[in-house]
Amino acid sequence: MISNTGVGIVSYGAYIPRYRIAASEIAKVWGAEGEGMGGGLGVHAKSVPGPDEDVITISVEAGRYAMARVPWVDPQRIGAVYVGSESHPYAVKPSATILAECVAACPDLTAADFEFACKAGTAAIQTCMGLVGSGMIDFGLAVGADTSQGAPGDALEYSASAGGAAFLIGRDRVIATIDETYSFTTDTPDFWRREGAEYPTHAGRFSGQPSYFRHVTECANRLFKDRGTKASDYTYAVFHQPNGKFPTRAAQTLGFTKEQIKVGLLAPRIGNTYSGAVPVGLSAILDVAKPGDRIFAIAYGSGAGSDGFDITVTDEIASYDRAAAPTVDQLLAHTQDLTYATYAKFRGKVRFQG
Amino acid sequence: MVQTEGIRYWRDMRARYNLIGRRCGKCSRVYFPARSICLDCHRHSIGKMDPYKLQGRGTVSTFTIVHDGDPRFGVQVPYILALIQMEEGPRMTAQLVDIDPPQVTIGMRVHTVFRKIGTVHTEGVIHYGYKFAPDSMPHLRA
Ligand SMILES: [Zn+2]
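Residues numbered from 1 in each chain as written. Chains lettered and ligands numbered in written order. Predicted model: local features only at pLDDT ≥ 70, side-chain atom pairs only at ≥ 80, totals over all residues. Heavy atoms only, no water.

## A closer look at the domain arrangement of chain A
All names here are of chain A. Assigned domains within chain A: domain 1 (2-175 + 328-346) and domain 2 (177-317). Relative placement of domain 1 and domain 2: their C-alpha centres are 15 Å apart. Taken together, the contact pairs 60 residues of domain 1 with 52 residues of domain 2. For the pair domain 1 and domain 2, the interface holds two salt bridges. With a closest N to O distance of 3.1 Å, Asp-307 and Lys-119 form a salt bridge. Looking at the side of domain 1 that touches domain 2, the elements that each hand over two or more residues are strand 1 (8-15), helix 2 (36-41), strand 3 (45-48), helix 5 (120-133), strand 6 (139-147), strand 7 (162-170) and helix 11 (328-333). (Domains from an automatic or database assignment. Contact = heavy atoms within 4.5 Å. Salt bridge = Lys/Arg side-chain N within 4 Å of Asp/Glu carboxyl O. Helix = DSSP H or I, 4+ residues; strand = E, 2+ residues; numbered from the N terminus.)

Right, dumping it as structure tokens:
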């Protein structure tokens, strides 16, 4: 799927709830030493949504941040709004309509919610690229956001976190062009949650080699081949980050250095934001990117598939009003640590009578 | 199952999401929630009350800490309820979040954040709208 139509990122905004729980705090409750399973996964703390936050509130904050940075974009020119998540607050009733209303894009637009485990947000970006590239719409707003949960005591409890980012896709004054997107998709049952089930189920070790690593590397290698590039041609790289360990190993296999992945690797500090992972990591990169920088991004969603993006930062980023909204660094600097008791209360892991 | 509580809410939802009030075209007084007649200009304001978007910035005029209130607030108790003096003039009552009760001071600068306001029961419509957070938290530039 070569783009080549000048389509790219016009603006972006990320949002991460301010609450954190440390891996050591979770480990303590389950009688484990130090950071418990969090240490092995390379996740030292994870973000936790406030009791009044969900995928819709995260999407709205991220979407408003993105729009605030481009006051020249009339929101009525947004022709599509898509929210990708696996934790939409409603089983039936779109998150995207609320976001569309909150950025004043209604009513002349199409909107929908996307689902594909952790890559629903990048799938939304690809869809917007198609609509913009074909000339059907001027701008599309794509969000990847999640407030995921792991069952108490499960390895996922150390990583499942909350956050998201919004991308305004268009052709005018793009701060970064998306030169190509490629997806590698197979039917692989490595992680799932049945309708009505409270927590997801995963296939343990199976979620590593045949799932995450296979899809990420196949996708990356195909992107390298199509573009005639190699790891050293990129300034930054960001990978789906279910923990700190997987993306580090995938990057290494593909020839990326620690320096290239450092900026976009947030899992050690905020955990796995699922559909928000690559979008928030890419936002952190765009927060510091300069004209001419090249960014390599590979998302992964269980089930399974990888979406790859070859991105080039344009001169437009020099005049882009980044300071109109908080950067990822600013969001990471204002946090509050929770005890396991408060965390359990916030996340509804404790049931109250009456 | 038929449930109509969401419909009543829906009528002023857009105004609540985006802080759209009205401004009197005669004296410029801003109202939120919207009013169709200015309290100062009375009939002279008829037809001159134009939609007006508030920027979502203000200061805490007064506040109270609620220890047992509306059950919809559930795990958020104790929570802070504040009267906010908006820059454009109106005063709004709303929950103050992302701050611990002892840190709240009168006159502190705050901005709106988009949050869940509550839901009547677990199968009901989820209500969303504004709350306020201290300006020490990251926010949109003024
Ligand atoms: Zn008046």
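Having seen the structure, we can now continue with the description.
## Looking at the side chain of Thr181(A)
Residue and element names in this part refer to chain A. Relative to the helices and strands, Thr-181 is located in strand 8 (residues 176-188). Classification of Thr-181 by relative accessible area gives buried; the value is 5%. Polar contacts involving the side chain of Thr-181 include one to the side chain of Gln-126, which spans 2.7 Å. (Buried < 20%, exposed > 50% of the residue type's maximum accessible area, 1.4 Å probe, protein only. Polar contact = N/O pair within 3.5 Å; in protein donor to acceptor, adjacent residues only side chain to side chain.)

## Some words on the layout of surface pockets
Counted as a void, the second largest pocket has a volume near 1,000 Å³. Taken together, 41 residues make up the lining of the second largest pocket; nearest its centre are Arg64(A), Ala68(A), Lys53(B), Gln55(B) and Leu140(B). Elements that contribute at least two residues to the lining of the second largest pocket include exactly helix 3 (55-68) of chain A together with helix 2 (13-18), strand 7 (109-119) and strand 8 (126-134) of chain B. The class makeup of the residues in the lining of the second largest pocket is 26 nonpolar, seven polar and eight charged. (1 Å grid on protein atoms, 1.4 Å probe; cavity = no way out; pocket = protein on both sides within 12 Å on 5 of 7 lines; lining within 4 Å. Points joined across faces, edges and corners; volume = space filled by probe spheres on them. Nonpolar A, V, L, I, M, F, W, Y, C, P; charged D, E, K, R; others polar.)

## Examining the interface of chain B and chain A
Of the residues lining the interface, 23 residues belong to chain B; the matching set on chain A comes to 31 residues. Summed over both sides, the interface of chain B with chain A buries roughly 2,400 Å², with 55% coming from carbon and sulfur. Here chain B and chain A share six salt bridges between them. Notably, a salt bridge pairs Lys131(B) with Asp52(A), separated by 2.8 Å at the nearest N-O pair. If you tally residues by element for the side of chain B that touches chain A, the top one is strand 7 of chain B, at four residues. Here the side of chain B that touches chain A is composed, by residue class, of twelve nonpolar, four polar and seven charged. (Buried area = accessible area lost by both parts, 1.4 Å probe.)

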